[in-house]
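# Reading the structure
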Amino acid sequence: NAGVMQNPRHLVRRRGQEARLRCSPMKGHSHVYWYRQLPEEGLKFMVYLQKENIIDESGMPKERFSAEFPKEGPSILRIQQVVRGDSAAYFCASSPTGGDIGYTFGSGTRLTVV
Amino acid sequence: QKEVEQDPGPLSVPEGAIVSLNCTYSNSAFQYFMWYRQYSRKGPELLMYTYSSGNKEDGRFTAQVDKSSKYISLFIRDSQPSDSATYLCAMSANAGKSTFGDGTTLTVKP
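Residues numbered from 1 in each chain as written. Chains lettered and ligands numbered in written order. Predicted model: local features only at pLDDT ≥ 70, side-chain atom pairs only at ≥ 80, totals over all residues. Heavy atoms only, no water.

## Section: the pattern of salt bridges
The line we're drawing: Any Lys or Arg side-chain nitrogen found within 4 Å of a carboxyl oxygen on Asp or Glu counts as a salt bridge. Residue burial is assigned from relative accessible area. The probe radius is 1.4 Å, only protein chains are included, and a residue is buried under 20% of its type maximum, exposed over 50%, and partly exposed in between. Numbered from the N terminus, helices here are DSSP runs of H or I no shorter than four residues, and strands are runs of E no shorter than two.
Tallied over the full model, the rule gives 8 salt bridges over all chains. Among the salt bridges present, the one from E45 of chain B reaches R37 of chain B, with a minimum N-O distance of 3.2 Å. According to the relative accessible area criterion, R37 of chain B is buried, its value standing at 13%. Across the pair D83 of chain B and R60 of chain B runs a salt bridge, and its minimum N-O distance is 2.8 Å. Taken together, the residues span a long stretch of sequence, with D83 of chain B in the loop between strand 8 (71-76) and strand 9 (85-92) and R60 of chain B in the loop between strand 6 (54-58) and strand 7 (61-66) at a distance of 23 residues. Sharing partners across several salt bridges, the network here consists of E18, R20 and R78 of chain A.

## A few points about the state of the cysteines
Residue and element names in this part refer to chain A. Under the convention used in this document: By definition, disulfides here are pairs of cysteine sulfur atoms that lie within 2.5 Å.
In the structure shown here, the tally under the stated rule is 2 disulfides over all chains. Shown here is the disulfide that connects C23 with C92, its sulfur atoms set 1.8 Å apart. Between C23 and C92 the disulfide shows an S-S torsion of about -55°. By sign, it is left-handed. Highlighted residues: C23 in strand 3 (residues 19-24) and C92 in strand 9 (residues 88-95), separated in sequence by 69 residues.

## Structural notes on the environment of G16 of chain A
Topologically, G16 of chain A is positioned in the loop between strand 2 (10-13) and strand 3. In sequence terms G16 of chain A and G42 of chain A are 26 residues apart; their C-alpha atoms lie 26 Å from each other.

## Thoughts on the sheet that holds strand 1 (residues 5-7) of chain A
Adjacent strands of a sheet form backbone hydrogen bonds with each other and so pair up, either parallel or antiparallel. All names here are of chain A. Keep this limit in mind: Strand pairing is assigned whenever DSSP detects at least two bridges linking the two strands. All axes here are fitted lines through C-alpha atoms, helices being fitted over the stretch that makes contact, and every angle between N-to-C directions spans 0 to 180 degrees.
One open sheet accounts for 4 strands, arranged 1-3-8-7; its pairing is antiparallel. The outermost strands of the open sheet, each flanked by one partner alone, are strand 1 and strand 7 (65-68). Averaged over all neighbouring strand pairs, the angle between strand axes comes to 15°, with direction disregarded. Here strand 1 runs beside strand 3; their pairing, made up of 3 bridges, is antiparallel. Each residue of the ladder has a partner; that of N7, found in strand 3, is R22.

## Observations regarding the interface of chain B and chain A
We count it as follows: Every residue pair with non-hydrogen atoms within 4.5 Å of one another is taken to be in contact. Two parts lose some accessible area (1.4 Å probe) when they are put together, and adding that loss for both gives the buried area.
Listed by partner, the interface residues are 18 residues for chain B and 24 residues for chain A. Summed over both sides, the interface of chain B with chain A buries roughly 1700 Å², with 58% coming from carbon and sulfur. In terms of surface lost to chain A, no three residues of chain B exceed R41, K97 and F100 of chain B, which account for 29% of the buried area on that side. Between the two partners, chain B and chain A, sit 1 salt bridge. The shortest N-O distance in the salt bridge between D102 of chain B and K44 of chain A comes to 3.6 Å.

## Side note on the sheet that holds strand 1 (residues 4-6) of chain B
Residues and elements named next belong to chain B. Taken together, the 5 strands give an open sheet; going across it, the order is 1-3-8-7-6, and neighbouring strands pair in antiparallel fashion. The sheet terminates laterally at strand 1 and strand 6, the two strands that pair on one side only. For this sheet, the mean angle separating the axes of adjacent strands, direction not counted, is 15°. Direction of pairing for strand 7 relative to strand 8: antiparallel, over a ladder of 6 bridges. If you follow F61 over to strand 8, its bridge partner there is I76.

See below:
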């Protein structure tokens, strides 16, 4: 059981570039959640997806950020035209169904914008 | 004002001490309450969850929820150096989106 796999673990982007963060949920899990953790802060909800559907994107910034969870393959969090303020740890979590309490988190992708 | 406020710490205790970690919240709709442990440079790991008010015990860990006071606690008995980590409380109104506290960093000294 490989757990929730996130890659890359570390990503460095220059201002204005695009960042793509990938998340493969645990086997048998069809619900994916993305959270962002700024230095010295807790996790902030971004988006909740089920296969091919966005269930709740109330935490996503209105511009530059998008997420998908296709029928095949990992979930992708995409940040266009990155700015320094996007530097953070991005965590993905998964659960078997939408009714589960608590998630299994991946180890995160640490994005640094230079 | 944040929906979830967590005692900021940091907290440093000797091995064997009882540790109390606390969060308050303002959203009356929260009915699921979780505690996660996060080691440095790792993802959070779910420790315990409770539904509504009451206590739940799991080994050395006890979670308490008082919905009337909007206050939750995690107690760690006989603390060990391996318990040194950041502890995050989290809450949700229903399954799906959770709201996290900012975390309390605990150090247990041998």
